[in-house]
2 protein chains.
Amino acid sequence: MKIRVAIMGYGNLGRGIECAVSQNDDMELAAVFTRRAPESVKVMSGAAVYHADSLLEMRDKIDVLMLCGGSATDLPVQTAEYAKYFNVVDSFDTHAKIPEHFARVDQAASESGHVAMISVGWDPGMFSLNRLYANAVLRDGSDYTFWGKGVSQGHSDAIRRVSGVRDAKQYTIPVEAALTAVRNCENPTLTTRQKHTRECFVVAEEGADKARIEQEIKTMPDYFADYDTTVHFITEEELQRDHAGIPHGGLVLRTGKTGWNKEHDHVIEYSLKLDSNPEFTACVLTAYARAAYRMKQEGMKGCKTVFDVAPAYLSPMTAEEMRSRLL
Amino acid sequence: MKIRVAIMGYGNLGRGIECAVSQNDDMELAAVFTRRAPESVKVMSGAAVYHADSLLEMRDKIDVLMLCGGSATDLPVQTAEYAKYFNVVDSFDTHAKIPEHFARVDQAASESGHVAMISVGWDPGMFSLNRLYANAVLRDGSDYTFWGKGVSQGHSDAIRRVSGVRDAKQYTIPVEAALTAVRNCENPTLTTRQKHTRECFVVAEEGADKARIEQEIKTMPDYFADYDTTVHFITEEELQRDHAGIPHGGLVLRTGKTGWNKEHDHVIEYSLKLDSNPEFTACVLTAYARAAYRMKQEGMKGCKTVFDVAPAYLSPMTAEEMRSRLL
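Criteria and cut-off values
Residues numbered from 1 in each chain as written. Chains lettered and ligands numbered in written order. Predicted model: local features only at pLDDT ≥ 70, side-chain atom pairs only at ≥ 80, totals over all residues. Heavy atoms only, no water. Pairing = 2+ DSSP bridges. Helix = DSSP H or I, 4+ residues; strand = E, 2+ residues; numbered from the N terminus. Axes fitted to C-alpha atoms, helices over the stretch in contact; angles between N-to-C directions. Contact = heavy atoms within 4.5 Å. 1 Å grid on protein atoms, 1.4 Å probe; cavity = no way out; pocket = protein on both sides within 12 Å on 5 of 7 lines; lining within 4 Å. Points joined across faces, edges and corners; volume = space filled by probe spheres on them. Buried < 20%, exposed > 50% of the residue type's maximum accessible area, 1.4 Å probe, protein only. Expected span 1.5 Å × (residues − 1).

1. Structural notes on the sheet that holds strand β2 (residues 27-34) of chain A
All names here are of chain A. The strand order β3-β2-β1-β4-β5-β6-β14 describes an open sheet built from seven strands, whose pairing is parallel. In the strand order of this sheet, the two ends are held by β3 (49-51) and β14 (302-304), each with one partner. Going across the sheet, the axis of each strand differs from the next one's by a mean of 25°, ignoring polarity. Of the pairings in the sheet, the one linking strand β4 (residues 64-67) to strand β5 (residues 87-89) comprises three bridges and is parallel in character.

And the structure:
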């Protein structure tokens, strides 16, 4: 019997889940739910598409519901609401609001007896795990997280709001010198500017004042003012041809000292290079869907993060296979 | 109340545990046990040293016993034996024999109601975790593990057994071209020779035939014959001065494809650069000692590997702290 997974919200992440489920033999896609008109949504796998309003009618046909909405307005409402009826997995990534999100979801999932996995993905998610493991192992050390090279949707959107901009794509790029200093155990204290640069590819409206646009971007508070930013004006065709993807990635490093006189340095480094940010995120969510299903089967309930999930729950292998093939 | 940790076997790993315990505020070193004459063993921390034979008298004063013996003859006997009386952690690293070691230890620990963590360290250990996580996330892909640059004790010992060799140190080094091909998602099938090179620093006896020694090393089956090996003859002073440390490290990579048409490549890479192999290994064991203690407190029992331990058990932080600081 396969794990029956359903998707709520069919955007980039939802499509990524659809792909990921197809790569996991022990899972099947039960249905896709959307707030749009279901007949207007064409899914790759041919799975059934229903309106979000009919979700509860499917309660008995779904083992895990994947919440593919956004962290700004969708998930703060949806996760706690749906945890009343389903095991759920979300990718809530507003770091500062995780504690309150956890509390809300934990109450709902504990009362209903379901497992609700929140903040799954790569950051939060795989990066968080690596921060935790590295901190538990190297007790006397320093943490560093770098993002990129990759597309920041938020920064691309910010550029698009500048008047005279038709379209834009922004890449976040780690500063190589900072990475080198960290890897050399120099323990640097890095400013925002020293950690990342920002590179923008901008399609301007015809006749727009490019110098003014560039100036507005580079001085934009929060988004760009604290960074060394490069702005390239390109054509719409170039943007489509060279910048259509949504790659991302990044690095988590911890350096630390051991020895009775702290005479030894160590570097733990984890990095991701991803051609598709949403598809990789979806793969992580799908692995945690397996864990949610199994943990519920074992009688667990409540809100869980990646910290609460023993790694073995994520793999389709048996414990014996894992020990002989992966340990 | 601190977690009372005891050390069985005071070699490099035991000393590493002593250092690691001193870096963890929630732990204290209860005692060191040795098979040597206790009065001959001088410990850095000033902890009490007892003979191994008196271990059982200390049953009530030890929460977790760290088994710091070797995988060849010590641990196959000790871990199952001591799991009858203690929560234990070992670094059993004979990959092929892990299944039988697990079975033996699981029986003892399950019967006695203790938690026995086996095969903890970095490989097996942190590398295994990364293989498992990466496999669970990227279902369609390839795994690669590289070791080094670092000292292989086994290969150094093998060189020392060549007649005319007074002392030697062997470094295992990943081949950069192989790493590059993996990182570029070329999915290479790599031979032993293509993955690692071996570099040997040898002190010859006076008057020994160096050409013969070099030839014997390079053609030694299993150890060197399948590798490109470099042999440097140096003086005893140079060996002491430049090769006294026991650094190690390595990389675990998984590359994989996602997308409905497998059109996107991803690279997950985990790497360690360690000045001291035994001290880092000891840090990992110490984190898992915390987990063993907590899991036993929660009523768990039996043999566990890193796959069975939810990451949260490893950290001294509260769940709230973890979520707000590391997630």
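After that view of the structure, there is still more to cover.
2. Examining the environment of A:Ile62
Residues and elements named next belong to chain A. Inspection of the secondary structure puts Ile 62 in the loop between β3 and β4. For the pair formed by Ile 62 and Ile 3, sequence separation is 59 residues and the distance between their alpha carbons is 8.2 Å. Excluding residues that lie within four positions of it along the chain, Ile 62 makes contacts with Arg 4, Ala 6, Ala 30, Phe 33, Leu 55 and Phe 86.

3. Here we look at empty space enclosed by the protein
Tallying each qualifying case throughout the model produces three cavities of 30 Å³ or more. The space that makes up the largest cavity amounts to roughly 90 Å³. Taken together, A:Met126, A:Leu129, A:Asn130, A:Tyr133, A:Ala134, A:Ile268, A:Tyr270, B:Met126, B:Leu129, B:Asn130, B:Tyr133 and B:Tyr270 make up the lining of the largest cavity. Among the elements of the structure, α4 (126-137) and β13 (264-274) of chain A together with α4 (126-137) of chain B are those that each provide at least two residues to the lining of the largest cavity.

4. Concerning the pairing of strand β12 (residues 248-258) of chain B
Residue and element names in this part refer to chain B. Among the 11 residues in β12, 10 count as buried, and that is most of the element. In this sheet, β12 lies alongside strand β7 (residues 141-147) in antiparallel orientation, the contact comprising seven bridges. When the sheet's bridge partners are listed, Thr 145 is paired in β12 with Val 252. Strand direction decides the pairing type here: β12 and strand β13 (residues 264-274), joined by 11 bridges, are antiparallel. The partner of Leu 253 across the bridge, within β13, is Glu 269. Here β12 folds back onto β13, and the loop between the two strands holds five residues, one of which, Gly 259, carries a positive phi near 105°.

5. A short note on the sheet that holds strand β11 (residues 228-233) of chain B
Residue and element names in this part refer to chain B. Taken together, four strands build an open sheet; the order of strands is β8-β9-β10-β11 and the sheet is mixed. The outermost strands of the open sheet, each flanked by one partner alone, are β8 (150-151) and β11. Strand direction decides the pairing type here: β8 and strand β9 (residues 165-174), joined by two bridges, are antiparallel. For Val 151, the partnering residue across the bridge sits in β9 and is Tyr 171. Against the sheet, helix α5 (residues 153-160) makes contact with β8, β9 and β10 (196-204), and its axis sits at roughly 145° relative to β9, the strand it touches most.

6. Examining α4(A)
Residue and element names in this part refer to chain A. Taking 1.5 Å per residue as the helical rise, α4 with its 12 residues ought to reach 16 Å, and the 17 Å between its terminal C-alpha atoms agrees with that figure. Most of α4 is tucked away, with 12 of its 12 residues classed as buried. Residues Met 126, Phe 127, Ser 128, Leu 129, Asn 130, Arg 131, Leu 132, Tyr 133, Ala 134, Asn 135, Ala 136 and Val 137 constitute the buried set of α4.

7. Brief notes about unusual backbone geometry
Residues and elements named next belong to chain A. That bond from Gly 148 to Lys 149 is cis: its omega, 0°, falls within 30 degrees of zero. Mapped onto the secondary structure, Lys 149 falls in the loop between β7 (141-147) and β8 (150-151). With a phi angle near 60°, Cys 185 is a residue other than glycine that sits in the positive phi range. With respect to the helices and strands, the residue Cys 185 is situated in the loop between α6 (176-183) and α7 (192-195). Phi angles above zero are rare outside glycine, and Asn 187 is one such case at about 60°. With respect to the helices and strands, Asn 187 occurs in the loop between α6 and α7. Asn 187 sits in the partly exposed class, given a relative accessible area of 43%.

Shape is all these values report; function is a separate question.
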